[in-house]
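Now for the letters of each chain:
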Amino acid sequence: MTSRHQIDSQSHVNQLIFSPTQNLLVWGDTEGNLYRWIDPIPPTQPPPHVDKSTKSARREKTPVMGDMEEDLGEDVDEDWIIDDMAGAGGVTIEGSKEKERSYAREIVAVAKAQSAFQPGSTPMKDRKGYLAYNRLGVVEVTDQDSHQIINVEFHDRSTYPSYHFTDYNRFNMASIGDRGIAYARPSEKSEPSQVLYKPYATWGSSTEWSITLPAGEDVIAIAAGGVTTRRSYKNRSSEEIDSDGAGTVVIATSTSYLRFFTGSGIQIYVWAMGGDIVSLVAGNEWVFVVYREGGTSLDGCQNLRYSLISLDRFEVVQDGQLPLPKNKTLKWIGISEEGAPSMYDSNGVLFVLDRFRRPKQARWVPILDTNTLSRRAGKDESYWPIGLSGKMFMCLILKGRTEHPSFPRPLVQELELRIPLLQTEQPQIVASEEKLIREKILLSWTRDALGPLLESSELATRELEMDKDLIKLLQAAIKDRQLQRANDIVRLLNHINSLDTAAKLAEYYHLVALQDKINSWKKWREENEDPLEEMEERRTWSRGVLPIPPSDEMVAHLLGNTASSGRPQEFKPASMFPKRSLVGAIPSYAQNVFARKSDQSTLFGKHADTNDGPSLDIDASQNYDEGYANAESSMPEYDAASSPPEGKRKRDAEDDNNNASYKKPRTGAPRPDSTVPSSNPGMPQQRKAMVAVPSNAKPNPFARTLAPNHSIVKSNTFFEKVDAAEAAAPSKRGAEKRQTKQTTLFGLPGIAPADKKAKAIKRINALVILS
Amino acid sequence: MALPTHIRQAPTPQELEYITGEIIVAIEPLFRMEKVRLVSGVYGPFRPPIKTRVPLWLAQSLKLKRKCRIVPPDWFTVDFLTIRLQQETSQVELSKMPFRYAEISKVLLDVAPDDIMDPDKIRILLKDIREARQAKCRSLLLGLDGSYLPTTNLCSMEISEIRLFFSRAMGIIEKLTLEAPQEDEAMSDS
């Protein structure tokens, strides 16, 4: 006890508190008095408050790259942005630091928001710098006051021609794409922001183009994407015909817009992204955008989100949060050779997006922690990412504390990927587990990318390799008498033949229980695995987003009151067909209004089990350019109002076969669909599956030769229009009208579909029995 | 090897250099190519900028055509060679150098000086190392006797240098050593 103060009163002290700013103690008592004791703590003791003046001064730094030092004791990374927007900003954790030392502060600073950067760029040092550096090549820039010299070198000199040019525009952003290189610069005083794109291909005469942005809109980030070329740009006499154009250029502007251009400069889309866009990188199929929707958080979180947008249809393939640890910034983003987005943070950990082809299943997986690398022990090294292939991390190894590569260009090194697993006493087991996980992830990417194929030999060999490793692990587990573990390993085997090997192994060691388990597992697998089903599943991902069909009134309005104008199959709500099927003894109006909805629900309910997901509706509507003939040929079947119900359930199964032939595989990868299964999955099945044309079917109203012989109806109600339309042209609506007249299954013209579909007949019989 | 038997004693340095062509080095190819099957083996696929391992003769040939960049082996750095030189000058025995360091160094410095950091310094270091080792070899030969000569860490170039003299000298000394006691007896007899 160092000092004492006597309170001599009858009242009791209620609350007692030290002042945060001075050596002062304050208390209040039950009588309502407030007492202040100045200097309760004698000067010999440390004071109860923090002196603001003891805060250490921030280091002054000169704005030259060479003098950067790291503050070892504290977790603060201060980077100065030097006359170049391409430098990455640092995060100052003023908030938490201040909080620790001086709780006198009332305003807590938020983590500094990371500024936009181009992956692969460095700030200028000695008038030289890199604008872009990835697995394709390097863009180096040399500053010569009035102009810049931009030098582009490719790693693969046989395919791409290296070049250099004098640049009076002073570009400070560049992106090396598979089809060309895009350059950009923000606006400066009087010069507006500009974008330049130089494609590699030189056919079709001068192909480079440039565009200026309006005042007030600056380019923040740029990315050039496109399909990888198969032919050499240098070898003119190359045989392969490369029809994939000049790629796509995406720019992010200060007004938070994402502008898309085709490789020839056509402006093709504008997307108001909102928030701050931090970085962009484009690959063969999509562009990977990292942005921040609001601000950073108080505890050091950068709050970054990512979006994967496909380049051909501008659909959001994946979307989500970027798992940056607190107080760490994003250092690099890129797309791997297989199309997987990857990111590298300031902590030295490399993450990759797994399951990026499956809708809504994308998640970030750490695949390399450079802090645990064996080569790093005892050395001061940092790794500057260049690119990622499935097996190797390509980077530049920077010695000491250098943050950016300098000239002359260091060699690209490769580091083996290694998922940071926990270490146990048996490091070799952990190593094999890690190898298995990694291989499994890579295999799943290859499998997802199979698309319409059922299997691929490369996939099979890799799985076999993995199985061999698994069998070795199995042997180790059996030797250690860890039978549960052995059972788990058996479940991980890929090929069913490997299960035989496993069973033999168990037999050799006289482990009957294990052998039985293996055999029963094998039987289960044989019964339940179906590569066809998996292919179907993959196909469902590749369907695009189904547009929500408008209501009937809208349809009529959109179609301009004509019954058979345009492409009916696009706009006509497919729900018209289920109506026919569920026709019962429902009064006309009510039926029309409600039947559709109930149809949908039954269809949904029904299709919840089958995996057909988003429907073939989109196939129909999109196939009109791919296979209009298909659609057309299936039109006559509408009138075969035959047996809609007969068709329905059967068609679920049939549909697979039909669509196998109808669907044309798209160029490029399958596009995952991020929406829920659409409405009316049943619909187009009927359309497609009804092959037979009944003899008394009405002539195809959708045939081009048929002149629309409808009258313009002025009435407003849908049903009058329907009646009028029906009177004018026998069409799909004819079927509907028939519904309104409460025709039932049996009232419909007798149809016997051609006996390709023997099942159909069975179904009819079933329905006859049921109804 | 190409000389007639009676004067063929040891491989010449040019032959040694040719044999060294088999050693595998890493290159960074500047062209893209699938796996290629040559008589001596399958090489590739070549995917820039990922490094590929090929024999030195292939690396040399590609480099001359400017289709690759050779990655110097780990020991071919100023730091490593400086340490080795220190060891060489401080110890009596030969220090452990890569068996064919002389040939590999020659090829790399001839063909790919631009791929090496500080080639001049490395030349100087190598020269110093070689001279130190030569001095040691000479002193080694002084201790030659008829039966054996314990020595370690001789490199291929050094072996071929001393091989001719060494084998002949050893044979003669052996003969001399055998004959010596008989001569003594003969002399003592008479």
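What you are looking at is a predicted structure, and each value in this text was computed from that prediction instead of being measured.

J.: So what exactly am I meant to see when it comes to the overall build of chain B here?
T.: Broken down by element type, chain B carries six helices and five strands. Of the regular secondary structure in chain B, the N- to C-terminal order runs α-β-β-β-β-α-β-α-α-α-α. Evaluated residue by residue, chain B yields a buried proportion of 39% over its 190 residues. Taking the contacts inside chain B whose residues are at least 6 apart along the sequence as the reference set, 65% of them involve residues at least 24 apart. About 11,700 Å² of surface is accessible on chain B, with carbon and sulfur atoms providing 59% of the total.

J.: Just to check I follow, could you spell out the overall build of chain A for this structure?
T.: From N to C terminus, chain A includes 19 helices and 26 strands. Counted over contacts in chain A with a minimum sequence separation of 6, partners at least 24 positions apart contribute 56%. On chain A, roughly 37,800 Å² of surface is accessible, and the fraction owed to carbon and sulfur atoms is 54%.

J.: Got a minute to help me understand the pairing of strand β17 (residues 286-292) of chain A in this structure?
T.: The side chains of a regular strand alternate between the sheet's two faces. Residue and element names in this part refer to chain A. Counted residue by residue, β17 has seven buried out of seven residues, so it is predominantly covered. Here β17 shows a buried face lined by W286, F288, V290 and R292 and a second buried face lined by V287, V289 and Y291. Direction of pairing for strand β16 (residues 276-282) relative to β17: antiparallel, over a ladder of six bridges. Bridging across to β17, I277 finds its partner in Y291. Sheet topology note: the β17/strand β18 (residues 304-310) ladder contains seven bridges and is antiparallel.

J.: So what exactly am I meant to see when it comes to the sheet that holds strand β21 (residues 341-345) of chain A here?
T.: The strands that make up a sheet pair up through hydrogen bonds in the backbone, lying either parallel or antiparallel. All names here are of chain A. The four strands lie next to each other as β20-β21-β22-β23, forming an open sheet whose pairing is antiparallel. Each edge of the open sheet is held by one strand with a lone partner, namely β20 (330-335) and β23 (363-369). Neighbour to neighbour, the strand axes of the sheet diverge by 25° on average, direction disregarded. In the sheet, β20 pairs with β21 via five bridges, with the strands oriented antiparallel. Counterpart to W332 in the pairing with β21 is Y344. Taken strand by strand, helix α2 (residues 427-448) contacts β22 (349-354) and β23, and its axis lies near 40° from that of β22.

J.: I keep staring at helix α3 (residues 457-479) of chain A and nothing clicks. Help me out?
T.: In an α-helix there are 3.6 residues to a turn, and that puts residues three or four apart on one side. Residue and element names in this part refer to chain A. Between its first and last C-alpha atoms α3 spans 33 Å; for 23 residues at 1.5 Å apiece the expected length is 33 Å, and the two agree. If you follow the buried residues of α3, they end up packed against α2, α4 (483-492), α5 (496-508) and α6 (512-528). Directly after α3, the chain includes R481, whose backbone phi takes a positive value near 60°.

J.: Mind showing me how you'd approach the interface of chain B and chain A here?
T.: Note on interface size: it is often stated as the accessible area lost on association of the parts. Taken together, the contact pairs eleven residues of chain B with 13 residues of chain A. Carbon and sulfur atoms make up 54% of the area that chain B and chain A hide from each other, which totals about 1,100 Å². Taken together, the links from chain B to chain A amount to zero salt bridges. Scanning the region where chain B abuts chain A turns up six residue pairs in polar contact (both at pLDDT 80 or more). Of all elements in the fold, only β1 (24-29) and β5 (68-71) of chain B reach the threshold of two or more residues within the side of chain B that touches chain A.

J.: Explain the side chain of A:Q148 here, please?
T.: Looking at the element boundaries, A:Q148 is found in strand β6 (residues 147-154). If near-sequence neighbours (up to four positions away) are discounted, A:Q148 is found in contact with A:M124, A:V141, A:T142, A:D143, A:F165, A:T166, A:D167, A:R170 and A:F171.

J.: Hey, could you run me through a nonpolar patch on the surface in this one?
T.: A cluster of nonpolar side chains, namely A:I7, A:V13 and A:L16, defines an oily patch on the protein surface of about 240 Å² accessible area. Within the element layout of this structure, A:L16 appears in strand β1 (residues 13-18).

J.: So what exactly am I meant to see when it comes to the sheet that holds β6(A) here?
T.: Residues and elements named next belong to chain A. The sheet built from four strands is open, its strands ordered β4-β5-β6-β7 with antiparallel pairing. Of all the strands in the sheet, just β4 (128-133) and β7 (163-167) have a single pairing partner and so form its edges. On average, adjacent strands in this sheet sit at an angle of 20° to one another, irrespective of strand direction.

J.: Hey, could you run me through the pairing of β1(A) in this one?
T.: Where burial is concerned, little of β1(A) is hidden: zero out of the six residues are buried. From the end of β1(A) to the start of strand β2 (residues 24-29) of chain A, which pair antiparallel, there are five residues.

J.: Honestly, the side chain of A:R462 in this entry has me stumped. Any pointers?
T.: Residues and elements named next belong to chain A. With respect to the helices and strands, R462 occurs in helix α3. Here R462 falls in the buried class, since its relative accessible area comes to 19%. Among the polar contacts listed, one links the side chain of R462 to the side chain of E439, at a separation of 3.5 Å. Here R462 is in contact with E439, L442, L443 and T446, once residues within four sequence places are set aside.

J.: For this particular structure, what's the right way to read the packing of aromatic side chains?
T.: For any two aromatic rings, the description comes down to two numbers: the centre-to-centre distance and the angle of the planes. Residues and elements named next belong to chain A. Under the criterion given, the structure shown has 27 aromatic pairs over all chains. On the numbers, 5.8 Å between centres and 50° between planes, the contact of Y197 with W209 is tilted. Taken as a pair, Y197 in strand β10 (residues 194-199) and W209 in strand β11 (residues 209-212) lie far apart in primary sequence, twelve residues in all. Note on Y197: relative accessible area 0%, which makes it buried. The buried category is assigned to W209, whose relative accessible area is 11%. Ring plane angle 65° and centroid distance 6.0 Å describe the contact between F288 and Y306, whose orientation is recorded as edge-to-face.

J.: Before we go on, may I ask you to explain the environment of A:E537 in this structure?
T.: All names here are of chain A. Looking at the element boundaries, E537 is found in helix α7 (residues 531-542). Its relative accessible area of 32% is what places E537 among the partly exposed residues. It is 9.8 Å that separates the C-alpha atoms of E537 and D448, two residues lying 89 residues apart in sequence.

J.: I keep staring at the pattern of salt bridges and nothing clicks. Help me out?
T.: Residue and element names in this part refer to chain A. Under the counting rule described, the total for this entry stands at 38 salt bridges over all chains. A salt bridge links K198 to E208, with the nearest nitrogen and oxygen atoms 2.8 Å apart. Taken as a pair, K198 in strand β10 and E208 in the loop between β10 and β11 lie far apart in primary sequence, ten residues in all. In this structure, the salt-bridge partner of E463 is R447, at a minimum N-O distance of 3.1 Å. Remark: R447 occurs in helix α2 and E463 occurs in helix α3; sequence separation between them is 16 residues. Judged by relative accessible area, which is 8%, E463 ranks as buried. Each of E140, E153, R157 and R409 takes part in a single network of salt bridges with overlapping partners.

J.: Honestly, the packing of helix α3 (residues 78-90) of chain B against helix α5 (residues 119-142) of chain B in this entry has me stumped. Any pointers?
T.: When two helices pack together, their arrangement is given by the angle between the helix axes and by the axis-to-axis distance. Residues and elements named next belong to chain B. As a packed pair, α3 and α5 sit with axes 10 Å apart at the nearest point and diverge in direction by 25°. On the basis of the axis angle, α3 is roughly parallel to α5. In this structure, α3 crosses over α5, and the sense of that crossing is left-handed. Counting all contacts with α3, which are made through V78, L81, T82, R84, L85 and E88, the residues of α5 involved are K121, I122, L125, L126, D128, I129, A132, R133 and K136. The class makeup of the residues in the contact of α3 with α5 is eight nonpolar, one polar and six charged.

About the thresholds
Residues numbered from 1 in each chain as written. Chains lettered and ligands numbered in written order. Predicted model: local features only at pLDDT ≥ 70, side-chain atom pairs only at ≥ 80, totals over all residues. Heavy atoms only, no water. Helix = DSSP H or I, 4+ residues; strand = E, 2+ residues; numbered from the N terminus. Buried < 20%, exposed > 50% of the residue type's maximum accessible area, 1.4 Å probe, protein only. Contact = heavy atoms within 4.5 Å. Areas by Shrake-Rupley, 256 points an atom, 1.4 Å probe, with all protein chains shown as cover. Pairing = 2+ DSSP bridges. Axes fitted to C-alpha atoms, helices over the stretch in contact; angles between N-to-C directions. Expected span 1.5 Å × (residues − 1). Buried area = accessible area lost by both parts, 1.4 Å probe. Salt bridge = Lys/Arg side-chain N within 4 Å of Asp/Glu carboxyl O. Polar contact = N/O pair within 3.5 Å; in protein donor to acceptor, adjacent residues only side chain to side chain. Patch = residues over 30% accessible without salt bridge, like charges linked within 9 Å, V, L, I, M, F, W, Y side chains within 5 Å. Phe/Tyr/Trp six-rings, centres within 6.5 Å; stacked < 30°, edge-to-face > 60°. Parallel < 35°, antiparallel > 145°, perpendicular 65-115°, else oblique. Left-handed = near helix turned anticlockwise from the far one by under 90°. Nonpolar A, V, L, I, M, F, W, Y, C, P; charged D, E, K, R; others polar.

Functional significance is not addressed by these values, which are geometric in nature.
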